[in-house]
Amino acid sequence: MEAQRIAVDAVVAMTDCDRDAVIAFIRRLYLAGVTDPKRLTFKGLQALSRA
């Protein structure tokens, strides 16, 4: 779960997006098996930049 926390903090800091939305997205990726904080952060930034 440390990877998830790191990724959420990074995405929120870089985008100033809603923390709950970021948490939900990162959690889905984490539960799908992505555990690298860099990958979680990159995917989170990609998804939130499209929204």
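We now turn to the structure provided with this report. As the structure is a computational prediction, the values presented were derived from the model and not from experiment.

### Let's talk about the pattern of salt bridges
So, step 1. Taken as a whole and judged by the stated rule, the model has three salt bridges.
So, step 2. Where Arg5 meets Glu2, a salt bridge forms, and the shortest distance between an N and an O atom there is 2.5 Å. One end of the pair, Arg5, and the other, Glu2, are both in helix α1 (residues 2–15), three residues apart, so they sit about a helical turn from each other.
So, step 3. With relative accessibility at 45%, the residue Glu2 sits in the partly exposed group.
So, step 4. Put simply, Glu2, Arg5, Asp9 and Arg19 are held in one network by salt bridges that share partners.

### What about unusual backbone geometry?
So, step 1. The phi dihedral of Asp16 is positive, around 60 degrees, even though this residue is not glycine.
So, step 2. By secondary structure assignment, the location of Asp16 is in the loop between α1 and α2 (19–31).

### Brief notes about the packing of α1 against α2
So, step 1. Where α1 contacts α2, the two axes come as close as 9 Å, and the packing angle between them is 140 degrees. Our classification of the angle between α1 and α2 gives oblique. In terms of crossing hand, the pair formed by α1 and α2 is right-handed. Where α1 approaches α2, its residues Ala3, Gln4, Ala7, Val8, Asp9, Val11 and Val12 are matched on the opposing element by Arg19, Val22, Ile23, Ile26, Arg27 and Tyr30.
So, step 2. For the contact of α1 with α2, the class distribution of residues is nine nonpolar, one polar and three charged.

Calculation notes
- Residues numbered from 1 in each chain as written.
- Predicted model: local features only at pLDDT ≥ 70, side-chain atom pairs only at ≥ 80, totals over all residues.
- Heavy atoms only, no water.
- Salt bridge = Lys/Arg side-chain N within 4 Å of Asp/Glu carboxyl O.
- Helix = DSSP H or I, 4+ residues; strand = E, 2+ residues; numbered from the N terminus.
- Buried < 20%, exposed > 50% of the residue type's maximum accessible area, 1.4 Å probe, protein only.
- Axes fitted to C-alpha atoms, helices over the stretch in contact; angles between N-to-C directions.
- Parallel < 35°, antiparallel > 145°, perpendicular 65-115°, else oblique.
- Left-handed = near helix turned anticlockwise from the far one by under 90°.
- Contact = heavy atoms within 4.5 Å.
- Nonpolar A, V, L, I, M, F, W, Y, C, P; charged D, E, K, R; others polar.

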